[in-house]
Amino acid sequence: CCDHSSTQLCSSASRPRRALIVKQIVSRDSPGYKALKALAADSREQRRQGRALIEGAHIIAAYRDKLGMPVRLIVSEHGVAQAEIQALCSSLPDVETLLLRDNLFNTLSGLATPPGILAEICIPEISGGIVGSCVLLDALQDAGNVGSILRSAAAAGITDVFLGSGCAGAWTPRVLRAAQGAHFDLHIREQADLAGVMAVFAGLKVAATAHDAASLYDTDFRGEVAWLFGSEGRGISPLLESAADRRVSIPMAAGSESLNVAAAAAVCFFEKLRQDT
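Residues numbered from 1 in each chain as written. Predicted model: local features only at pLDDT ≥ 70, side-chain atom pairs only at ≥ 80, totals over all residues. Heavy atoms only, no water.

Enquirer: For this particular structure, what's the right way to read the layout of surface pockets?
Expert: Over the atoms rolls a probe the size of a water molecule, and its path tells where empty space is left. There is about 470 Å³ of room inside the largest pocket. In terms of lining residues, the largest pocket is bounded by 24 residues, among which Ala208, Thr209, Ala210, Ser258 and Leu259 are the most central. The set of elements that each furnish at least two residues to the lining of the largest pocket consists of strand S12 (225–230), strand S13 (246–249) and helix H10 (261–276). If one sorts the elements of the lining of the largest pocket by residue count, H10 sits on top with 3 residues. In terms of residue class, the lining of the largest pocket is made up of 11 nonpolar, 9 polar and 4 charged. Size it by volume and the second largest pocket reaches roughly 190 Å³. Along its surface, the second largest pocket is lined by Arg47, Gly50, Cys122, Ile123, Pro124, Glu125, Trp171, Ile188 and Glu190. (1 Å grid on protein atoms, 1.4 Å probe; cavity = no way out; pocket = protein on both sides within 12 Å on 5 of 7 lines; lining within 4 Å. Points joined across faces, edges and corners; volume = space filled by probe spheres on them. Helix = DSSP H or I, 4+ residues; strand = E, 2+ residues; numbered from the N terminus. Nonpolar A, V, L, I, M, F, W, Y, C, P; charged D, E, K, R; others polar.)

Here it is in structure tokens:
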């Protein structure tokens, strides 16, 4: 088997204006493939390298349009014949493209029906202070919840998100899938000092909790707000909760104890948006 051999592919069914020039990986023992596997699975490796993998033509196109060129594209044998993927690759003619056998690609993807294309990207470097309201997540381990909160924050016009220690990695596959491209509209800081953020934030600091708190709908959120959410099992740490100006909860039907944290965050964000407008 050859590895990293150059080849030229073009589907006769849907031929792009220029053929895709790719390097082919056919062995799981390839150093390049091992590096991709580490990047796909390990948030620490992502932070060390400052890189991540994103999956699917839609999300890759969103990254291209909002942040620029990816480092490289990774395409499966099945994916390279798809017109949408060919068009996307043709829109990135100067980006290195790797062609993987389907079984190798499917291992990287982890999805039951892989979309056929991944991109290796540089994780955006964030500098400067907080602009407007922000979100702080305290030890929120569920990747789906983290991704959903990112998506809701972006939809509500919140830009800055801080993930404390113990949170699911922001650039891991499950978080990326749940966020559906919201990452590219946000300033995401991982391993953040949440207490330090609370200490310097000049606006209203709000801890969302299920019990012994004022109603969300009786609180004035006009102006800048720092929203603090904790894990569903443990809640917000006492140290962080004590730094909040307000503790709020969402009124629910009798017999209901709590909402999923991602659903609760969406309700909070859009109540503020309602008040602001």
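Enquirer: Looking at this model, I keep getting lost on empty space enclosed by the protein. Mind explaining?
Expert: Evaluation of the coordinates by the stated rule reveals 2 cavities of 30 Å³ or more. Taken as a whole, the largest cavity spans an internal volume of roughly 90 Å³. Around the largest cavity, the lining residues are Ala40, Leu53, Ile54, Glu55, Ile59, Leu108, Ser109, Leu118, Pro173, Leu176 and Arg177. Broken down by secondary-structure element, the contributors of at least two residues to the lining of the largest cavity are strand S3 (51–55), helix H5 (102–109) and helix H7 (173–179). In terms of residue class, the lining of the largest cavity is made up of 8 nonpolar, 1 polar and 2 charged.

Enquirer: Before we go on, may I ask you to explain the sheet that holds strand S11 (residues 214–215) in this structure?
Expert: The strands making up a sheet are joined through hydrogen bonds of the backbone, oriented either antiparallel or parallel. Read across the sheet, 7 strands follow the order S9-S8-S7-S12-S10-S13-S11 without closing on themselves; strand pairing throughout is parallel. The strands lining the two open edges of the sheet, one partner per strand, are strand S9 (187–189) and S11. Two strands pair when backbone bridges link them, and strand S7 (residues 134–138) and strand S8 (residues 160–163) are joined in this way by 4 bridges, in the parallel orientation. Among the inter-strand pairings, Leu137 is bridged to a residue of S8, identified as Leu163. Against the sheet, helix H6 (residues 143–155) touches S7, S8 and S9, its axis set at about 170° to S7. Those strands touched by H10 are S7 and S12, and its axis lies near 165° from that of S12. (Pairing = 2+ DSSP bridges. Contact = heavy atoms within 4.5 Å. Axes fitted to C-alpha atoms, helices over the stretch in contact; angles between N-to-C directions.)

Enquirer: Please explain the nonpolar core as it appears in this structure.
Expert: Generally speaking, soluble globular proteins have nonpolar side chains that are buried together. Within the largest apolar cluster, 61 residues are counted, with the highest numbers of intra-cluster contacts made by Trp227, Phe229 and Phe269. Look past the residues within four positions of Phe229 in its chain and what remains in contact with it is Val135, Leu136, Leu137, Asp138, Ala208, Ile236, Val261, Ala264, Ala265, Cys268 and Phe269. Judged by nonpolar contacts, the second largest core, of 14 residues, contains Phe162, Ala192, Ala207 and Ile236. (Core = buried A, V, L, I, M, F, W, Y, C linked by side-chain atoms within 4.5 Å. Buried < 20%, exposed > 50% of the residue type's maximum accessible area, 1.4 Å probe, protein only.)

Enquirer: When you look at the packing of aromatic side chains in this model, what are you seeing that I'm missing?
Expert: When we look at a pair of aromatic rings, we describe it by the centre distance and by the angle of the planes. Taken as a whole, this structure holds 5 aromatic pairs when the rule is applied. Taken together, the ring pairs connect Phe221, Trp227, Phe229 and Phe269 into an aromatic cluster. (Phe/Tyr/Trp six-rings, centres within 6.5 Å; stacked < 30°, edge-to-face > 60°.)

Enquirer: Could you clarify how one ought to interpret the pattern of salt bridges in this entry?
Expert: When charged atoms on two side chains of opposite charge get close, those side chains can pair. Applying the stated criterion across every chain yields a total of 16 salt bridges. Note that Asp42 and Arg44 form a salt bridge whose closest N and O atoms lie 3.5 Å from each other. Look at Asp42 and you get partly exposed, because its relative accessible area is 25%. Arg44 sits in the exposed class, given a relative accessible area of 59%. Across the pair Arg72 and Glu96 runs a salt bridge, and its minimum N-O distance is 2.8 Å. Here the residue Arg72 occupies a position in strand S4 (residues 72–76), and Glu96 occupies one in strand S5 (residues 96–100), the gap between them amounting to 24 residues. Each of Lys23, Arg51, Arg72, Glu96 and Glu120 takes part in salt bridges that share partners, so that together they form one network. (Salt bridge = Lys/Arg side-chain N within 4 Å of Asp/Glu carboxyl O.)

Enquirer: It is not clear to me how the pairing of strand S10 (residues 204–208) should be interpreted in this structure. Could you clarify?
Expert: Remark: a regular strand shows side chains that alternate across the two faces of the sheet. Within S10, 5 of the 5 residues are buried, which leaves the element mostly enclosed by the surrounding structure. Across the two faces of S10 the burial is the same, with Leu204, Val206 and Ala208 and Lys205 and Ala207 all buried. As paired elements, S10 and S12 share 4 bridges and run parallel to each other. Paired with Lys205 across the two strands is Ala226, which belongs to S12. Across 3 bridges, S10 lies against S13 in parallel orientation. Across the sheet, Ala208 pairs through a bridge with Val248, a residue of S13.

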